[in-house]
Amino acid sequence: MVKERNVYDSSNVKVINEMGGFKVIEHQKDLSVSARNSVEEYFMSKMNLMKRQVLIDIKGDSYTLQAGAMQWMSGDVTMSSGIKGVGNFIGKMVSAKVTGESTAKPVYTGNGRLMLEPTYKYILLIDVSKWGSIVLDDGLFLACESSLEQKVVARSNISSAVFGGEGLFNLSLTGKGILACESNVPMEELIEIELNDDVLKIDGNMAVAWSGSLKFTVEKSTKSLLGSAVSGEGLVNVYRGTGKVLMAPTAREKFGSSPSDSDSRNGQSQSKGAAENALGVVGSVLDLLN
């Protein structure tokens, strides 16, 4: 039997959020510093740039992780690749190419504990049942309860991908379960907007997640291209229908890297390929001229 000291039984470690089997722990200071980087680490801590980790208590259930996210595990926990046969592997490989996620998301099952790699990003815990289905921006997915169904959703029109800055495809999760995301913006700075058969227009790709029930398009801010140019707003991202949008209005860089991001999880391409971009340009012109 593995004996371990309570991983957050320390004055330097604090549990800042928990939901279901997930606990988000935050290291108040980086104590393993050298003289060379001590000044940098000091000011990082003052600006809320602290190392954060996710601790998962597995109690007879299963959790799906982004590839390379696991740091250590204890107890009677087994890991599987999450791939069921050749056909399933090909499907996941295609999904990975168009969403920027890893091809294989390992699944951990049993009874024990699972600690994820540290990150300087902020960890968001989301109860997916309150969304019905949720669509994630590229690179947000970190871990989830395996009870959630994952699938790839496509844009309703090509212009929304090219000019909306969101890509042609995104990862969608549906069902009852908890989702953990890595965000460049803390939950305190995120704005949740609820739509009831309404319209939300955003100047820029500030939405980090939205309900799968919403229709997302990119449109002119005014009725004409000339009017959009004169107003200085140009094109806006439009969300129509009934659902919710989680928006990060203060984010300077939506896809900025953090000091602790490992190559294994940041090697995911943000570009969707030259062929897709070329197709997008043609389609977007047709969409906007209609």
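What counts, and where the lines are drawn
Residues numbered from 1 in each chain as written. Predicted model: local features only at pLDDT ≥ 70, side-chain atom pairs only at ≥ 80, totals over all residues. Heavy atoms only, no water. Helix = DSSP H or I, 4+ residues; strand = E, 2+ residues; numbered from the N terminus. Contact = heavy atoms within 4.5 Å. Areas by Shrake-Rupley, 256 points an atom, 1.4 Å probe, with all protein chains shown as cover. Core = buried A, V, L, I, M, F, W, Y, C linked by side-chain atoms within 4.5 Å. Buried < 20%, exposed > 50% of the residue type's maximum accessible area, 1.4 Å probe, protein only. 1 Å grid on protein atoms, 1.4 Å probe; cavity = no way out; pocket = protein on both sides within 12 Å on 5 of 7 lines; lining within 4 Å. Points joined across faces, edges and corners; volume = space filled by probe spheres on them. Nonpolar A, V, L, I, M, F, W, Y, C, P; charged D, E, K, R; others polar. Patch = residues over 30% accessible without salt bridge, like charges linked within 9 Å, V, L, I, M, F, W, Y side chains within 5 Å. Salt bridge = Lys/Arg side-chain N within 4 Å of Asp/Glu carboxyl O. Pairing = 2+ DSSP bridges. pLDDT = per-residue confidence, 0-100.

### Notes on the overall build of the chain
Then step 1. From N to C terminus, the chain includes six helices and 15 strands.
Then step 2. Put simply, 81% of the contacts in the chain that link residues at least 6 apart link residues at least 24 apart.
Then step 3. Approximately 15,000 Å² of the chain is accessible, and the part contributed by carbon and sulfur atoms is 54%.

### Structural notes on the nonpolar core
Then step 1. In this structure, I134, L136, L173 and L179 are the most contacted members of the largest nonpolar core, which totals 20 residues.
Then step 2. Of all the secondary structure elements, the ones that give two or more residues to this core are β6 (122-127), β7 (133-136), β8 (141-145), β10 (169-174), β11 (178-183) and β13 (207-211).
Then step 3. Ignoring any residue separated from it by four or fewer positions in sequence, one finds I134 in contact with I126, V128, L171, S172, L173, L179, A209, W210 and G212.
Then step 4. In terms of nonpolar packing, the next biggest core, distinct from the first, is built from 18 residues, F22, L65, L125 and I178 among them.

### Remarks on the side chain of D138
Then step 1. Along the polypeptide, D138 turns up in the loop between β7 and β8.
Then step 2. Note on D138: relative accessible area 6%, which makes it buried.

### Observations regarding empty space enclosed by the protein
Then step 1. Per the counting criterion, the structure on display carries one cavity of 30 Å³ or more.
Then step 2. In terms of lining, the largest cavity is formed by H27, Q28, K29, D30, E41, S45, L49, M50, K51 and Y120.
Then step 3. Across the lining of the largest cavity, the residue classes tally to three nonpolar, three polar and four charged.

### Some details on a nonpolar patch on the surface
Then step 1. A surface patch of nonpolar side chains, about 340 Å² in accessible area, is lined by V39, Y42 and F43.
Then step 2. Structurally, the position occupied by F43 is in helix α1 (residues 38-46).

### Brief notes about the environment of V54
Then step 1. Locating V54 in the fold gives a position in strand β3 (residues 52-65).
Then step 2. Given the relative accessible area of 1%, V54 is considered buried.
Then step 3. C-alpha separation for the pair V54 and V15, spaced 39 residues apart in sequence, amounts to 9.6 Å.
Then step 4. The contacts of V54, once residues within four sequence positions are left out, are F22, K23, L114, M115, L116, I123 and L142.

### Here's the deal with the pairing of β7
Then step 1. Here β7 shows a buried face lined by S133 and V135 and a second buried face lined by I134 and L136.
Then step 2. Bridge count between β7 and β10: four bridges; the pairing is antiparallel. Its bridge partner being in β10, S133 is matched across the sheet by T174.

### Thoughts on the confidence of the model for the chain
Then step 1. When the pLDDT values of the chain are averaged, the result is 78; 68% of them are 70 or greater.
Then step 2. Confidence drops under a pLDDT of 50 for residues 226-232, and excluding neighbours within four residues, the segment shows eight contacts in the predicted structure.
Then step 3. With pLDDT under 50 throughout, residues 262-290 is counted as low confidence; its partners more than four residues away or in other chains account for 45 contacts.

### Comments concerning the pattern of salt bridges
Then step 1. The tally for this structure, following the rule as stated, stands at seven salt bridges.
Then step 2. With its nearest N and O atoms 4.0 Å apart, the salt bridge here joins K23 to E18.
Then step 3. Here R113 ties to D57 by a salt bridge, and the two come within 3.1 Å at their closest N and O atoms. You can see R113 sitting in strand β5 (residues 107-116) and its partner D57 sitting in strand β3, a full 56 residues away along the chain.
Then step 4. For R113, a relative accessible area of 18% puts it in the buried group.
Then step 5. D57 gets classed as buried once you look at its relative accessible area, which sits at 15%.

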